[in-house]
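What the coordinates show
Chain by chain, the residues:
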Amino acid sequence: LEYSNIEMITMYEIMLKGRYYDQTIVRESNKGKLTGMFHLGIGQEATGAAIASALGPNDIMMPGHRMHTAILHKMDMKKYTSELMGKVDGYSRGVGAEFHCFSLEEGIFPIYSLLGGGFSHAAGYALAMKRKKTGGVMVAVVGDGGFQAGGNYEALNMAKIYNLPIVFVIENNFIAMTTPVELHSSVQNLSSRAAAFGMTGVTIDPGTDVLKVREAVDAAIEKARNFEPSIIEVKTYRVEGHYFGDVREYVDQQKEAERSSFYGDPIERFEKVLFEQNVLTERQASEIKDRIQAQIDEAFENAYTQKNTTMDDVLDLRLTYANPEEVLA
Ligand SMILES: Cc1ncc(C[n+]2csc(CCOP(=O)(O)OP(=O)(O)O)c2C)c(N)n1
């Protein structure tokens, strides 16, 4: 195996953080302590872990909206949790929440909430990185549904024409909110569209194999560093509904059962490898799990005690404009 033990354990920890964080959101919501709309990435942890662990210090990532994995690896868990709960000590004073939370200093670009525009914002940032010669690469993620929106295609074209340092990742979990991919895409392998832009496109299937995804991401990042953009499609499986509380009445039960057994659990799959290769013992794995859950519980407990964001915070134009005086004049 070409990854060191430390790198493998890092990927494992990122996946666990994402999984336990999402399960904690469920637990706290069920207790009635948490309200809001949360998009859970349970079952899809390999994508975020592979990308976040592959990024270099100057690289930037635009995560998908159910990618707590990557976000929690790069950003501060306490500040992020406060942001989700609408607390003033959050990253954007509690105004940004899940879809708008970001930290460029820590390598996380805002998730693009209006699906379809994401790749164009990311490509614009990649153009800036190229012009400023930062040496960094942008890795931008959208879902299979978001990928169907027109704006992304202009960005793919521009990225190739301008030879931008960017990797486009499509996380294909076969469903866009409630619409199965067969009904919203003209092709089965979304990466095949790369040909239309003169780029390479690869499909990783099953995308629940974190090492497979990581290898593809490493190769694409290297290309991007040499100003060759490309597309990676990761086929994976969404275990939960679109958001927490969605009871998934719209799914085809038989297809779901087949997919669930084919894709399996990315964490269990990777654990097997780690144990077999003697990277970790079961005891060490359970210590890591306890440590991560304790860190998450602490972040939630901390956020509960913080001050709620007020309407004055929401209406503070300094959060939107660099020079609010000019806007008001
Ligand atoms: C322009 C626009 N239309 C609708 C929505 C509402 N919306 C949020 S997530 C989502 C589904 C996205 O599906 P996909 O891109 O496959 O990602 P997934 O949720 O499966 O991770 C929709 C329709 C939106 N955010 N923006």
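What you see is a predicted model; the values in this text were computed from it and never measured.

**Thoughts on empty space enclosed by the protein**
Applying the stated rule across the entire model yields two cavities of 30 Å³ or more. Of the pockets and cavities examined, the largest cavity occupies roughly 100 Å³. Forming the walls of the largest cavity are 13 residues, and the residues nearest its centre are His-65, Tyr-112, Leu-115, Val-141 and Val-142. In the lining of the largest cavity, the residues fall into seven nonpolar, six polar and no charged. Estimates place the volume of the second largest cavity at around 40 Å³. Along its surface, the second largest cavity is lined by Gly-41, Gln-44, Glu-45, Gly-48, Arg-66, Met-67, Thr-69 and Glu-171. Considered class by class, the residues forming the lining of the second largest cavity number one nonpolar, four polar and three charged.

**Side note on the sheet that holds strand 6 (residues 201-204)**
In spatial order, the strands read 1-2-3-7-6; together these five strands make up an open sheet with parallel pairing. Where the open sheet ends on each side, the last strands, each with one partner, are strand 1 (60-62) and strand 6. The average angle at which neighbouring strand axes cross in this sheet is 15°, direction not considered. Direction of pairing for strand 3 (residues 166-172) relative to strand 7 (residues 230-235): parallel, over a ladder of six bridges. Within the sheet, the bridge partner assigned to Ile-170 lies in strand 7 and is Glu-233. Docked against the sheet, helix 9 (residues 210-225) engages strand 2 (138-143), strand 3, strand 6 and strand 7, running at close to 170° with respect to strand 7.

**Quick notes on the pairing of strand 7**
Within strand 7, six of the six residues are buried, leaving the element largely enclosed by the surrounding structure. By the alternation rule, side chains of strand 7 split into Ser-230, Ile-232 and Val-234 and Ile-231, Glu-233 and Lys-235, which are all buried. Pairing analysis gives four bridges linking strand 6 to strand 7, with the strands arranged parallel. Paired with Gly-201 across the strands is Ile-231, a residue of strand 7. As a crossover connection, the stretch from strand 6 through helix 9 into strand 7 is right-handed.

**Remarks on the packing of helix 1 (residues 5-30) against helix 11 (residues 266-276)**
Where helix 1 meets helix 11, the closest approach of the two axes is 10 Å, and the angle between their N-to-C directions is 155°. Judged by the angle between their axes, helix 1 and helix 11 are roughly antiparallel. The handedness of the crossing between helix 1 and helix 11 is left-handed. Residues Met-8, Met-11, Tyr-12, Met-15, Leu-16 and Arg-19 of helix 1 pack against Pro-266, Ile-267, Phe-270, Glu-271 and Leu-274 of helix 11.

**Observations regarding the packing of helix 2 (residues 45-54) against helix 9**
Two elements in contact, helix 2 and helix 9, have axes whose closest approach is 8 Å; the angle formed by their N-to-C orientations is 40°. In terms of axis orientation, helix 2 runs oblique to helix 9. Seen from above, helix 2 lies across helix 9 with right-handed handedness. Where helix 2 approaches helix 9, its residues Ala-46, Thr-47, Ala-49, Ala-50, Ile-51, Ser-53 and Ala-54 are matched on the opposing element by Val-210, Val-213, Arg-214, Val-217, Asp-218 and Ile-221.

**A closer look at the site of the ligand**
As a structural note, the neighbourhood of the ligand is formed by 14 residues, with His-65, Arg-66, Ser-113, Gly-145 and Gly-146 the closest of them. Within the backbone of Gly-145, an N or O atom sits 2.8 Å from an oxygen atom of the ligand. Protein contact buries 73% of the 580 Å² of open area that the ligand shows by itself. Among the cavities detected, the one that contains the ligand is the largest pocket. Counted by class, the shell around the ligand contains five nonpolar, seven polar and two charged residues.

Criteria and cut-off values
- Residues numbered from 1 in each chain as written.
- Predicted model: local features only at pLDDT ≥ 70, side-chain atom pairs only at ≥ 80, totals over all residues.
- Heavy atoms only, no water.
- 1 Å grid on protein atoms, 1.4 Å probe; cavity = no way out; pocket = protein on both sides within 12 Å on 5 of 7 lines; lining within 4 Å.
- Points joined across faces, edges and corners; volume = space filled by probe spheres on them.
- Nonpolar A, V, L, I, M, F, W, Y, C, P; charged D, E, K, R; others polar.
- Pairing = 2+ DSSP bridges.
- Helix = DSSP H or I, 4+ residues; strand = E, 2+ residues; numbered from the N terminus.
- Axes fitted to C-alpha atoms, helices over the stretch in contact; angles between N-to-C directions.
- Contact = heavy atoms within 4.5 Å.
- Buried < 20%, exposed > 50% of the residue type's maximum accessible area, 1.4 Å probe, protein only.
- Right-handed = clockwise from strand over helix to strand, strands pointing away.
- Parallel < 35°, antiparallel > 145°, perpendicular 65-115°, else oblique.
- Left-handed = near helix turned anticlockwise from the far one by under 90°.
- Near = heavy atom within 4 Å.
- Polar contact = N/O pair within 3.5 Å; in protein donor to acceptor, adjacent residues only side chain to side chain.
- Areas by Shrake-Rupley, 256 points an atom, 1.4 Å probe, with all protein chains shown as cover.
- Sits in = over half its atoms within 2 Å of the grid points.

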